[in-house]
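Overview (structure and organization)
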Amino acid sequence: MSEARPCIICVAITGSLPTKADNPAVPISVAEQVESTQEAFEAGASIVHAHVRNEDGTPSSDPERFARLMEGIRAHCPGMIMQLSTGGRSGAGRTRGGMLALRPDMASLSVGSNNFPTRVYENPPDLVDWLAAEMRTHGVKPEIEAFDLSHIHQAAAMNRDGRIPGRLYVQFVMGVKNAMPVDRDVFDYYRRTVSRLAPEAEWCGAGIGRHQITLNEWCIAAGGHVRTGLEDNVRLDATTLAPSNAALVRRAAALCAEHGRPVASWRQARAILGLREA
């Protein structure tokens, strides 16, 4: 096992797809999201990965909604790292980055395309470069969402040529239907590839659905960081819905304890990721 270094827990509170029909605990309104985030923060999450929804629950990239969400979270979760989604389910083209001018601490950045369950997740190079440039302009640290090995190589190349400055933070996304399955050999190869191409990088993992707990344990045991939350998984097990985002955070924190890893405070998380003080 790796040294007992603090483990950052990121909570993905809402996403673009889960609804209250899937799990009544999924927070949809800004007020619900703030309340759910505060509970997760108190349970040990130091990063919140945030999406916003329209009044009817459909996904949105509306900067005004993001601004209200950020205001609420900063008021109730002082110091927590705000990470906004630029994902393609919430908007098209440059509308995906319209909230970056709000200067969140971080934002997700997918640097290549891949298959999703029913569509192609398109991230053309010109849009990737524009999003990366907007993040540089506004002092936003990207979290690289790696759905494929090529995305790790592309992120490393963008880091070398300055399009993504500073120390990389790479998230392995595994378990999306028609994309990379949850495979331990692949996971270990991803880790080695990041270490080889970007030795200073930090990394984490996100497992979709029932695979969330698997990726949580693999990452914690191997010295990385974790993502949990109702965006990726609405259940505790096959028959039990997760009662809250906080419950999933507490489950990840319990795994940290089992593996002798302290849960990173928001101050420790900011230091690990090289982020400005809150």
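Provided above is the structure to which this section pertains.
Definitions and limits used
- Residues numbered from 1 in each chain as written.
- Predicted model: local features only at pLDDT ≥ 70, side-chain atom pairs only at ≥ 80, totals over all residues.
- Heavy atoms only, no water.
- 1 Å grid on protein atoms, 1.4 Å probe; cavity = no way out; pocket = protein on both sides within 12 Å on 5 of 7 lines; lining within 4 Å.
- Points joined across faces, edges and corners; volume = space filled by probe spheres on them.
- Helix = DSSP H or I, 4+ residues; strand = E, 2+ residues; numbered from the N terminus.
- Nonpolar A, V, L, I, M, F, W, Y, C, P; charged D, E, K, R; others polar.
- Phe/Tyr/Trp six-rings, centres within 6.5 Å; stacked < 30°, edge-to-face > 60°.
- Axes fitted to C-alpha atoms, helices over the stretch in contact; angles between N-to-C directions.
- Parallel < 35°, antiparallel > 145°, perpendicular 65-115°, else oblique.
- Left-handed = near helix turned anticlockwise from the far one by under 90°.
- Contact = heavy atoms within 4.5 Å.

**Brief notes about empty space enclosed by the protein**
Counted according to the given criterion, the structure contains one cavity of 30 Å³ or more. Lining the largest cavity are I152, A156, L168, V170, V194, L197 and A198. Mapped onto the lining of the largest cavity, the elements with two or more residues apiece are α4 (149-160) and α5 (184-197). Considering only residue class, the lining of the largest cavity consists of seven nonpolar, no polar and no charged.

**Concerning the packing of aromatic side chains**
One pass over the structure, following the stated rule, counts eight aromatic pairs. Ring-pair connections join several aromatic residues into one group, and the members of that group are F172, F187, Y190, W203 and W218.

**What about the packing of helix α1 (residues 30-43) against helix α7 (residues 245-258)?**
One can describe the packing of α1 onto α7 by two numbers: an axis separation of 8 Å at closest approach and a directional angle of 15 degrees. Between α1 and α7, the angle falls in the class roughly parallel. For the pair α1 and α7, the sense of crossing is right-handed. Contacts from S36, E39, A40 and A43 of α1 reach α7 at N245, A246, V249, R250 and A253. Classifying every residue of the contact of α1 with α7 gives five nonpolar, two polar and two charged.

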